[in-house]
Amino acid sequence: MKTLKLAFAALALAPFAAPVPAAAQIVLSNPWKLVRAGEARKVGKSDLQVTAVGDWNRATERQTKESENWTQNGIGLDDLGFYAAVKKGEALFHQRDKKKDPLPKFDPAMLPTDIVEWFENSARNALGSAVFEVGAVRPAKLAGADGVEMDFSYATEGDNLERKGTARAAVIGQKLYLISFDAPKIHYYDEGLPSALAIMNTARIVK
Amino acid sequence: MPMRRMLAGLAAVALVASAAPAYAQFGGAESTAVKPGFVLPAGEVRILVFRPDIAVGSQTTGGMNEPNADWTKQARANLVAALQRNPAMAGNRITFAPELEGAQGTVLNDYTALFKAVAFAAFNHKMFPGNRLPTKKSDFEWTLGEGAAQLKPLGGDFGLFFYTNDSYGSTGRKVAQILGAVMGMGLMSSGVHVGYAGLVDLTTGDLVWLNADLAMGGDVRTAEGADKRMAQLLEEFPRKRLPGEPAPPSGTVKVDVPPETPGKKP
Amino acid sequence: MSMLHRAVAGLLSCALLASPLAAQKAAVPPKPLPSAAGYKPQDKLEEGLWFEMDEQERLLKQSKFLVTDPGLNAYVKGVLCRTVGQERCSATRLYIVRTPYFNASMAPNGTTIVYTGLLLRMRNEAELAAVLGHEYTHFEQRHTLRLFKDIRAKTDALSWLSFIPIPYVGMLSQIALIGGIYAFSRDMEREADAGSLNELARAGYDPMQASAIWEQLGAEQDATAKVRGHKSQKDKNGGMFATHPKSTERMQTLREKAAAFALAEPGATRAAEYRAALKDWWPTLIDDQIKLQDFGGTEYLLATLAGPDPAGWTPELLYARGELYRSRGQAGDFEQAVAAYQAAIEAGQRLGGGAIPETWRGLGLAQLRLGQTAAGKAALRDYLAKKPNADDALLLSSMAQGA
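Only a predicted model underlies this, so the values are computations on that prediction, with no experimental measurement involved.

A. Spotlight on the overall build of chain A. Looking only at helices and strands, chain A features three helices and 11 strands. Across the 207 residues that make up chain A, the buried fraction comes to 60%. Considering only contacts in chain A between residues 6 or more positions apart, those separated by 24 or more positions represent 46%. Counting every atom, chain A has about 7,300 Å² of accessible surface; 55% of that belongs to carbon and sulfur.

B. Examining unusual backbone geometry more closely. Of note in the backbone geometry, Asn160(A) takes a positive phi value of approximately 55° without being a glycine. Within the fold, Asn160(A) resides in the loop between β8 (145–154) and β9 (163–172). Here Asn160(A) falls in the buried class, since its relative accessible area comes to 15%. Even without a glycine there, the phi angle at Arg270(C) is positive, about 50°. The residue Arg270(C) is located in the loop between α12 (247–260) and α13 (271–278) in this model.

C. How the structure looks around the state of the cysteines. Residues and elements named next belong to chain C. In the structure shown here, the tally under the stated rule is one disulfide over all chains. Shown here is the disulfide that connects cysteine 81 with cysteine 89, its sulfur atoms set 1.8 Å apart. Disulfide cysteine 81-cysteine 89: the torsion about the S-S bond is 55°, which places it as right-handed. Using a relative accessible area of 2% as the deciding quantity, one classes cysteine 89 as buried.

D. Spatial organisation of helix α2 (residues 112–127) of chain A. Between its terminal C-alpha atoms α2(A) stretches 23 Å, which fits the 22 Å expected from 16 residues at 1.5 Å a residue. Looking one or two residues past α2(A), Gly128(A) carries a phi angle of roughly 65°, positive in sign.

E. Inspection of the pairing of strand β5 (residues 67–71) of chain A at higher detail. All names here are of chain A. Extensive coverage of β5 is indicated by the burial of five of its five residues. Judged by which residues are buried, β5 turns out to be covered on both faces: Ser67, Asn69 and Thr71 on one side and Glu68 and Trp70 on the other are all buried. The sheet contact formed by strand β4 (residues 56–59) and β5 spans two bridges and is antiparallel. Bridge pairing in β5 places arginine 58 opposite tryptophan 70.

F. Representation of the pattern of salt bridges within the structure. In the structure shown here, the tally under the stated rule is 49 salt bridges over all chains. In this structure, the salt-bridge partner of Asp107(A) is Arg369(C), at a minimum N-O distance of 3.5 Å. Within this pair, whereas Asp107(A) is found in the loop between β6 (79–86) and α2, its partner Arg369(C) is found in helix α18 (residues 358–369), the two belonging to separate chains. With a shortest N-O distance of 2.6 Å, Arg202(C) and Glu199(C) are connected by a salt bridge. Here Glu199(C) and Arg202(C) lie together in helix α9 (residues 186–203), a separation of three residues that amounts to about one turn. Using a relative accessible area of 39% as the deciding quantity, one classes Arg202(C) as partly exposed. With a relative accessible area of 3%, Glu199(C) lands in the buried category. Several salt bridges share partner residues, and in doing so they unite Asp107(A), Asp114(A), Glu117(A), Glu323(C), Arg326(C), Arg361(C), Arg369(C) and Asp392(C) into one network.

G. Seen up close, the sheet that holds strand β4 (residues 111–115) of chain C. Residues and elements named next belong to chain C. The four strands are arranged β1-β2-β4-β3 in an open sheet whose pairing can be described as mixed. Because the sheet does not close on itself, it has two edges, and the strands there are β1 (66–67) and β3 (104–106). Pairing of β1 with strand β2 (residues 93–97), which is carried by two bridges, proceeds in the antiparallel orientation. Within β2, the residue paired with leucine 66 across the bridge is valine 97. Contacts from helix α3 (residues 70–84) reach β1, β2, β3 and β4 within the one sheet, and its direction differs from that of β2 by about 130°.

Basis of the calculations
- Starting from 1, residues in each chain are numbered consecutively following that chain's sequence as written.
- Naming scheme: in the order in which they are written, chains are lettered from A and ligands are numbered from 1.
- The predicted nature of this model means local features are confined to residues of pLDDT at least 70 and side-chain atom pairs, given and counted, to a pLDDT of 80 or more, with totals for whole chains, interfaces and linings taken over all residues.
- Calculated side-chain values reflect all of the structure's heavy atoms, with hydrogen atoms and water omitted.
- Secondary structure is summarised from DSSP: a helix means a run of H or I of at least four residues, a strand means a run of E of at least two, and numbering begins at the N terminus for each.
- Only protein chains enter the accessibility calculation, which uses a 1.4 Å probe; a residue is then buried when its area is under 20% of its type maximum, exposed when over 50%, and partly exposed in between.
- Any two residues whose heavy atoms approach within 4.5 Å are treated as being in contact.
- Each accessible area is a Shrake-Rupley estimate made with a 1.4 Å probe; only the visible protein chains count as cover when residues are assessed.
- In this description, the term disulfide denotes a pair of cysteine sulfurs within 2.5 Å.
- Given a helix with a known number of residues, its expected span is that number minus one, times 1.5 Å.
- Here, strands pair whenever DSSP counts at least two bridges between them.
- For this analysis, a salt bridge means a side-chain nitrogen from Lys or Arg found within 4 Å of a carboxyl oxygen belonging to Asp or Glu.
- Every axis corresponds to a line fitted to the C-alpha atoms, with the helix fit spanning only the stretch in contact, and the corresponding angles, defined between N-to-C directions, vary from 0 to 180 degrees.

The structure is reproduced here in structure tokens:
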């Protein structure tokens, strides 16, 4: 049952397998905006501010209220995701179906290792990938607060492409802030990681 | 990162057969992009052709694709022959990538998967006027990375990928299409004929040419049709540098994109 | 080859005659079967399906989700061959796929996929044999072909057989629609059930094992739904029981038919062999399941695997129970988790094998959440002593510092 549902749900997710209505989105005014090197910006209209290292493209479409995604090379290649001010009881990513396909919810009482597990479980279920794995994990600072940094790897069924990523997270004022960079294992991860980490280092909470 | 799933749909539309009604909204059905100033070296060029994705079937009345083994096998044979006959390949040495096992096979497969991802990004952000990346507005810069040179020993300095998918409208489908139009239900596609091709400079990994066509002609089940199809797939394939020709100027952009259809605003 | 055909056909018609259902089928003359060596597709449509599936199999071989462990593959293939016989099983190729859901499928060309979620849920070799035998009957009777012909007659917007590579829609999910457990009509399911019993009995397995599987699955889906507050998926369109005969009817039919076999010797379940074969993979599989964050379904599954006897709660199952509660982390859950981990450690000592090192990690983390700082840090230090190179060793040691 679940696999059938997964297949249909996945087909529904690629809304362009069905005709017209979704395709109208293609002819939108440009959904991508430039973020110039050196530009400081509050991402997702949240209080998380970062400064761009290198030029990036940011998507105007958001996954969740206070998230934002940037890319240098485009959709399906590198992705720098900012997830800001996630409150108690909220999920990290957009939930397809709150009842049948829920994602785990954040709790400020989480230990650093709990945050790592929560990230892994959220990503596994949002991506539908049982080969999503978090590897090395270490203490790190984000926006001046003590947190964690984790390396991960995964593939998704549809494109069968191995990807690698690094994410940093911290709890600040009872809310979770997470920045995640991932890209294809071949070429793109190594190429984009230095500037992604540099951007993570610029993170500040700005009221 | 799960955002990829949503936005990937945008890329999917270019290559999903049943999206055929959608392409009409883009004001056209084909587009080509070439890395600025790129020309092939003079003389014999060694081209490694990755196993092409080819599928031919027929479309049932309800729009299902019914696979047809004979047609697909015939199409594969025809297209392979047509490739070798095509004028753009004159003077080149073509090698078809072998089926490999083990670690070597994995490298080949991984680069093929990466090519598809890079091609999707290039389509998405170059072929559709509304979707350009501000950092890549005036150039065509996508790469598979220098590691692509690992593939050169398989037989090429350049890698060629191509994909074609045909689903011929059955009589029932054609009738339904006409009825639909008559009853004002809008144009329903009868038959789907899509394809794309790309060329990678394996020394640098750079994507130097990409061509997509969502409404291809040529019946690939016949030799003449395959020739016509191959000509469309290889449209504006990079030419060779002429003897004595100086190095090309940089910054020249050669991008054809479909014009926005007037009146089709969101 | 024609002799082989006749031999196989003869064997099958004998087997079918053994079951009441077959009495209706005895009159049908034997057609060449896909299970025979050297079988070729009989018509254009079948040829098209095979061709598509051959292409998909090429892709499947490259899938990042493939479990290539030779030992596990040899074991599962071995069970299939034990069940349907060496000759018939050589018409198939087995692929194990890392996906935490219950499914298995056998495509028209013999490509066989078993999800790891299925391997987690089977309690013994006979249950696995029942599922594989069931799928094999779908394959041998060409149910996919019949199904395609049925569906082709209806309007269907989803070109689910076209395999056009839609990005991020899994090919594995598409394949699962073809020849998967949830794909066929009620009549075909009845046929496959009957077929599976024959296979089981002939191979020396206890045919009664077949009925338990479906009941367990349905109850698991009920448990999932109950905790999540929605209707059980098993009854929905496209759900398991939409196409399968009603659970009670099915259980009854299977039990009656199984009893009718009146075997000379009681059939085997080979539970010990199954557990031994899955031993190395079990921690990974249960981890995949727990990471689904399906509390109700997982709790039910663990209880089923443990069985009614309290001794059935092995250190591994108790550890899994701890992980389940700890990962949900609602009020009262960390206490439950601590109790489970401690029971795992105790059971490990009692049985002599010891609990797995991760038990101390889970215990420490749960205790820290309860504010039992000293105990929690001590447990984490115990874990780090056992696994100094753990992926999160750096992080854990910073959490374990201080008294």
